[in-house]
There are 2 protein chains.
Amino acid sequence: MREVAIIGVGITKFGELWNKSFRALGIEAGAKAIEDANLSGSEIDGVFIGNLSAGRFINQQHIDALVADYTGMATNHIPATRVEAGGASGGVAFRQGVMAVASGMHDIVMVGGAEKMTDLDDASINSVMDATADSEWEAEMGATFASLHAMIAQRMIHEGTATREEIASVAVNSHFHGAFNPNAQFKKAVPIETVLRSGPVATPLGMFDSAPISDGAASVVLCPLEDAKKYTDNYVKVAASAQASDTLALFQRPDITSYGATVAASQKAYQAAGITAADINVAEVHDVYSVGGIMALQDLGFYKKGEAGKAMLEGQCHYDSGKVAINTSGGLKARGHPIGATGVAQIVEIAHQLRGTADNRQVKDAKYGLAQNVGGTGSAVTVSILEAI
Amino acid sequence: MREVAIIGVGITKFGELWNKSFRALGIEAGAKAIEDANLSGSEIDGVFIGNLSAGRFINQQHIDALVADYTGMATNHIPATRVEAGGASGGVAFRQGVMAVASGMHDIVMVGGAEKMTDLDDASINSVMDATADSEWEAEMGATFASLHAMIAQRMIHEGTATREEIASVAVNSHFHGAFNPNAQFKKAVPIETVLRSGPVATPLGMFDSAPISDGAASVVLCPLEDAKKYTDNYVKVAASAQASDTLALFQRPDITSYGATVAASQKAYQAAGITAADINVAEVHDVYSVGGIMALQDLGFYKKGEAGKAMLEGQCHYDSGKVAINTSGGLKARGHPIGATGVAQIVEIAHQLRGTADNRQVKDAKYGLAQNVGGTGSAVTVSILEAI
């Protein structure tokens, strides 16, 4: 199995981008990554795209072909593949790209993630997101994506493993970092009162506990580790890329305050990378609702159950705390959450941190970074570990 | 790169299966393949699913997790990944599975393809299929999926490379074979007059030139070639699995009577397998409209341009002709076309032919078989070559 490196990254601004089409966003992120890798584009021999539902958001299936076409790769008949795993679509696309290079079936691969969501009304958007949980046994019974996360939060508070304030502090941490990220949808720090007093979504979660609806795209370029120096001095090693599943419906799990798939994927990833949770300096975690951040920090092994919320509330997850920095990009909450793009955007941020190109949110001496991307309510999770060279 | 084998295959009946849910179909095909491979299921460490649009057909995204869950693999957190490439979704899923085993990142992989289409009205179904072509520049301008294929047929007739009768004979050949396949949606041979006189869809193509709307699922189990004998004596080698792209829109191609992606993918596949088109004994090709069969036979190198239709009309594509047998399963036209399942169903048929388990449609002494799966109007094509051991 060949080792793999990231030799280029690119990302668009995330937000309500009404003047930019899906095609334009995909081209922008892809072109930036290709330029960053010092490639012309014609060297790329495979493309993998993470996308939740262009079919429903913009009435276009088969966006693998669309991306190959609009990035100029169709004329060389370069194969392009779309993958979907709910909110983990980007993370899974990244893993497919890693697998393609590791297998030797491809040499230089572009991985993209893109979603154009804001052209639809809110009800239609929510219907798609609800369908990433169990449509028959959850959504149609009234258990929307928001209410499922609210039940997780209620259970945590009931068990005493997190307070309402600790849960809210996940959003505060993401907004704190978003203020430093010029591509973030929300570039403004907020006090915890703003989160606690925000309009109710599903008790106890409010508007500020919820990631926004976003448009955006992100891209990375991969090649065999042994070839990376040919293209750039500023590459990053892919130390591990693991994936795990769980039941589609939340009610079938033994414990709803922990995602077994995060635990399983992270254990596989740490083993493959030859490290432990204590070696991670910076991580992007899936705070689609604030409560997801608490679970991630515990399931990834950064904190014991009941301690992640305290650490978050005390500001220990800030980029300059000296502990593991969490969501320095602004996370899903402040950077934005164009669903298929999210997992790839996480990789872009971690690559910047390990390359030392994270500007005024740079984590000092970061050696290992981790990205955790979640589909549904933990029914698919990818955990990727990158290593500075 | 590890070589890969198919150690088990499974398929459901294809058709209008109103009494079977998407979940039930997926379980049936998966369980059959696992049983065929003499596995218990717990040995499987990765799942890849081809599916066009469960999001629109049954309002369920994230069916990777659904399949992992309903085949019992979620409890072991086995990763599952959904891929989509329009009509080539199944073929691409197969290739991802091959890549996963070849890379060493997985050992025993289940590849599934499934689609449940008949719960929707015809207009909604057609809207999804139109969206596998270029939604903005074709479908919204009135160039539906059917009319795009009709333009290809018109052009062929205009250029004199196929007659209307020759194009119709693709459907006759598929129906001829469908009569031998107990899982086919249509198990009845039809004379060419039935095709020529069928209700018009888009001139010159009629109802019998068009693959039906179908429900169904298919599955195969893969493992490293060197381990195959541990499980079964009746395995098949994956000699090659190639994929290529082309422009999303048909009008941007230099020649609309040939799919450049089929040519590119087949050349890569022949090279990887170390053979030529002349070595292929049996092939499943993508006759979503009859005209697709003519193009396939030419683009794959079985016949020169202008000669495929003649061969088809003369019955040279029958399983017992001694020439390369085409669509012995009944093809998309008679076996049925549950979109995400089609590419995997093609692999199932070729595996049966090479194992000698194709019953009364068995091609004699078949050594090499090929499957060609097409997304959109040739914007993504997979060509896989299997080899009898």
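First, a word on what this report is: a plain description of the structure on this page. (Residues numbered from 1 in each chain as written. Chains lettered and ligands numbered in written order. Predicted model: local features only at pLDDT ≥ 70, side-chain atom pairs only at ≥ 80, totals over all residues. Heavy atoms only, no water.)

## Focus on the overall build of chain A
Argument step 1. If you tally the helices and strands in chain A, you get 13 helices and 12 strands.
Argument step 2. Against the compact-globule benchmark of 21 Å for 389 residues, chain A has a radius of gyration of 19 Å, which places it among compact chains.
Argument step 3. Scored against the burial criterion, the 389 residues of chain A give a buried share of 69%.
Argument step 4. Counting contacts in chain A only where the partners sit at least 6 residues apart, residues at least 24 apart contribute 77% of the total.
Argument step 5. Carbon and sulfur atoms provide 52% of the accessible area of chain A, an area that totals close to 12100 Å².
Argument step 6. Averaging the positions of the 29 positive and the 42 negative side-chain charges in chain A gives two centres separated by 4 Å. (Helix = DSSP H or I, 4+ residues; strand = E, 2+ residues; numbered from the N terminus. Rg over C-alpha atoms; globule rule 2.2 N^0.38 Å. Buried < 20%, exposed > 50% of the residue type's maximum accessible area, 1.4 Å probe, protein only. Contact = heavy atoms within 4.5 Å. Areas by Shrake-Rupley, 256 points an atom, 1.4 Å probe, with all protein chains shown as cover. Lys, Arg positive; Asp, Glu negative; His and termini not counted. Charge placed at Lys NZ, Arg CZ, Asp CG, Glu CD.)

## Observations concerning the interface of chain A and chain B
Argument step 1. Taken together, the contact between chain A and chain B spans 67 residues of the former and 66 residues of the latter.
Argument step 2. Taken together, the connections running from chain A to chain B amount to 6 salt bridges.
Argument step 3. Where chain A meets chain B, there are 46 residue pairs in polar contact (both at pLDDT 80 or more).
Argument step 4. Of all the secondary structure elements, the ones that give two or more residues to the side of chain A that touches chain B are helix H2 (54–57), helix H3 (63–70), strand S3 (80–84), helix H4 (89–103), helix H5 (122–130), strand S8 (236–245) and helix H9 (260–273) of chain A. (Salt bridge = Lys/Arg side-chain N within 4 Å of Asp/Glu carboxyl O. Polar contact = N/O pair within 3.5 Å; in protein donor to acceptor, adjacent residues only side chain to side chain.)

## Observations regarding the relation of the copies chain A and chain B
Argument step 1. Mapping chain A onto chain B is achieved by rotating through 180° and translating by 0.0 Å along the same axis, at an RMSD of 0.0 Å. The two molecules are tied by a two-fold rotation axis, judged by turn and shift. Residue A:Ser103 of chain A places its C-alpha closer to the rotation axis than any other residue of that unit, at 1.8 Å.
Argument step 2. Interface overlap between copies: 99% of the residues of chain A at the interface are likewise at the interface in chain B, consistent with a symmetric, same-surface contact. (Least-squares fit on C-alpha atoms with pLDDT ≥ 70 in both.)

## Quick word on the side chain of B:Ser214
All names here are of chain B.
Argument step 1. Here serine 214 lies in the loop between strand S6 (205–206) and strand S7 (215–224).
Argument step 2. A relative accessible area of 0% places serine 214 in the buried class.
Argument step 3. In this structure the side chain of serine 214 is engaged in a polar contact, spanning 2.5 Å, whose partner is the side chain of glutamine 185.

## Some details on the environment of B:Gly343
Argument step 1. Structurally, B:Gly343 is set in helix H13 (residues 339–355).
Argument step 2. Leave out the neighbours within four places in its chain, and B:Gly343 touches B:Gly90, B:Gly91 and B:Asn373.

## A short note on unusual backbone geometry
Residue and element names in this part refer to chain A.
Argument step 1. Following threonine 203, the chain continues into proline 204 via a peptide bond in cis, with omega recorded as 10°.
Argument step 2. Considering the arrangement of structural elements, one finds proline 204 in the loop between strand S5 (200–202) and strand S6 (205–206).
Argument step 3. With a phi angle near 60°, asparagine 38 is a residue other than glycine that sits in the positive phi range.
Argument step 4. By relative accessible area, which is 53% here, asparagine 38 ends up exposed.

## Quick look at helix H4 (residues 89–103) of chain B
All names here are of chain B.
Argument step 1. Compared with an ideal rise of 1.5 Å per residue, which puts 15 residues at 21 Å, H4 spans 21 Å between its outermost C-alpha atoms and is within 8% of the ideal.
Argument step 2. For H4, a buried count of 15 out of 15 residues is recorded, marking the element as mostly surrounded by other parts of the structure.
Argument step 3. Glycine 104 lies just past H4 and shows a positive phi near 85°. (Expected span 1.5 Å × (residues − 1).)

## Quick look at the packing of helix H6 (residues 145–159) of chain B against helix H10 (residues 290–299) of chain B
All names here are of chain B.
Argument step 1. Running from N to C, H6 and H10 cross one another at 60°; their axes reach a closest spacing of 9 Å. As summarised for this structure, H6 and H10 are arranged oblique, according to the angle between their axes. When the axes of H6 and H10 are compared, the crossing they make is left-handed. Contacts between H6 and H10 involve His149, Ile152, Ala153 and Met156 on the former and, on the latter, Val291, Ile294 and Met295.
Argument step 2. Broken down by class, the residue content of the contact of H6 with H10 amounts to 6 nonpolar, 1 polar and no charged. (Axes fitted to C-alpha atoms, helices over the stretch in contact; angles between N-to-C directions. Parallel < 35°, antiparallel > 145°, perpendicular 65-115°, else oblique. Left-handed = near helix turned anticlockwise from the far one by under 90°. Nonpolar A, V, L, I, M, F, W, Y, C, P; charged D, E, K, R; others polar.)

All we've got here are geometric facts, nothing functional implied.
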